[in-house]
Structures are given as C-alpha cells and as structure tokens.
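Structural features, examined
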Amino acid sequence: MLYVVAWPLLSEADDTALRRLRAQYHPREAELIGPHFTLVFGVAVDREAALRDTLAAIDRRPFWFLIDRIARVDLHLYAEPSDGAAELTVLYDALNSVKWHEPFQPHITLGLFSHASEAEQVARIVGRQHLPIHGRVEELALLKRDGDRLDTLATVRLGT
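Okay, so let's go over this structure. This structure is a prediction, so every number in the text was calculated from the model and none was measured.

Attention now moves to the side chain of His-36. Here His-36 lies in the loop between helix H2 (27-32) and strand E2 (37-43). Residue class for His-36 comes out buried when judged on its relative accessible area of 11%.

Printed below as a string of structure tokens:
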C-alpha cells in the first residue's frame, strides 16, 4: 500500500510530547512512523507513478499550522489543526483523484483505544497539558508499507 504524508516540523518539546503520546496510545504505528498528517491513505502500488507525477507537480509554499484541539472520533484520538487545515486539504485534493466517503479532516493520530470513555478522558488531559502546538509543513513523502516495513519512495520539499 502507498501513502503520502506531510511531515510536521515541531519544537523539540512538542515533537517529544506527540511521540510519547503515540508510543503510549498507538504503539504499533508509533514504532513504524512518527507524527504526520496523512494525505493519501493506503492506495494500491500501481498508483506509484501517478503519485510521483502529482507530487512533482505540486507548486505550494511551506505553511504554518496550529493544533488547538484534540478530537475523539469513535475509538481514535486525533490532534486537529485549525490554522493550516485549509492548506492540508488543498494538498489532499491535489493528490486524491478518488475521494473517500468521509470528508477529509486533517489530523495527527495520537491513539487508538478499547473504549470511547478512555479516549475521551485522555483527550481532555492532552488538551490541557499540550495545547496549543505550533508547527510548519515543508516536506511531503511518498511511502510504501509492506507489513511492518515502511519505505520512503520519494520526498518533495514545498516551495522548490
């Protein structure tokens, strides 16, 4: 499966906090990949050439984002940006010829829980202790996942 992610540049303290949260509440994924915004979600490998072409054609500047809310959706916990969400959505739209059945909501996944009440409790704590988080997106990456292996196939710096 192929993915495209936007790598957030964060302060050391914010990066450490997000990595710790993911390690605690989403350990399997945290071992594989650090904090990121997913722009293309698990498409077939035969789309690699098209994704490379689309990435190469992206003419966007780097941008700032502000994460100011923690959202619980079912059993997942997400860090959602307000500032920067529109820019992430423009990138998502450019990279996805086929849209998902759900509208795109930019986020960094923080956890997956067994019970919604546990996710809700952690959301409140994380919101009080770690927000707001400021960052910048300057780079996108095309990734290939094969089981527990994740390979970077291409990277694109915005604004170059």
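Before going further, it helps to examine the pairing of strand E7 (residues 149-157). Across 8 bridges, strand E6 (residues 133-146) lies against E7 in antiparallel orientation. When the bridges of E7 are listed, Leu-142 appears paired with Ala-154.

Moving on to the environment of Gly-159. Along the chain, the position of Gly-159 falls in the segment after E7. Given a relative accessible area of 54%, Gly-159 falls into the exposed group. Look past the residues within four positions of Gly-159 in its chain and what remains in contact with it is Arg-60, Arg-61 and Pro-62.

Okay, the side chain of His-107 next. Take His-107: it is sitting in the loop between helix H4 (85-95) and strand E5 (108-112). A residue is classified by how much of its surface remains accessible, and His-107, at 15% relative accessible area, is buried. A distance of 2.8 Å separates the side chain of His-107 from the backbone oxygen of Gln-105, its partner in a polar contact. Among the polar contacts made by the side chain of His-107, one reaches the side chain of Thr-109 at a distance of 3.5 Å. The residues touching His-107, leaving out its near neighbours within four places in the chain, are His-36, Phe-37, Thr-38, Tyr-78, Ala-79, Glu-80 and Pro-81.

A separate point is the pattern of salt bridges. Applying the stated criterion to the full structure yields 13 salt bridges. Close ionic contact of Arg-69 with Glu-80 constitutes a salt bridge, the shortest N to O distance being 3.1 Å. One end of the pair, Arg-69, is in strand E3 (residues 63-73); the other, Glu-80, is in strand E4 (residues 76-81), with 11 residues separating them in the sequence. Judged by relative accessible area, Glu-80 falls into the buried class, the value being 9%. Two residues, Arg-157 and Glu-138, come together in a salt bridge whose shortest N-O distance is 3.1 Å. Residue Arg-157 is located in strand E7, and its partner Glu-138 is located in strand E6; the two are separated by 19 residues in the primary sequence. On the basis of relative accessibility, which here comes to 17%, the residue Glu-138 falls in the buried class.

About the thresholds
- Residues numbered from 1 in each chain as written.
- Predicted model: local features only at pLDDT ≥ 70, side-chain atom pairs only at ≥ 80, totals over all residues.
- Heavy atoms only, no water.
- Helix = DSSP H or I, 4+ residues; strand = E, 2+ residues; numbered from the N terminus.
- Buried < 20%, exposed > 50% of the residue type's maximum accessible area, 1.4 Å probe, protein only.
- Pairing = 2+ DSSP bridges.
- Contact = heavy atoms within 4.5 Å.
- Polar contact = N/O pair within 3.5 Å; in protein donor to acceptor, adjacent residues only side chain to side chain.
- Salt bridge = Lys/Arg side-chain N within 4 Å of Asp/Glu carboxyl O.

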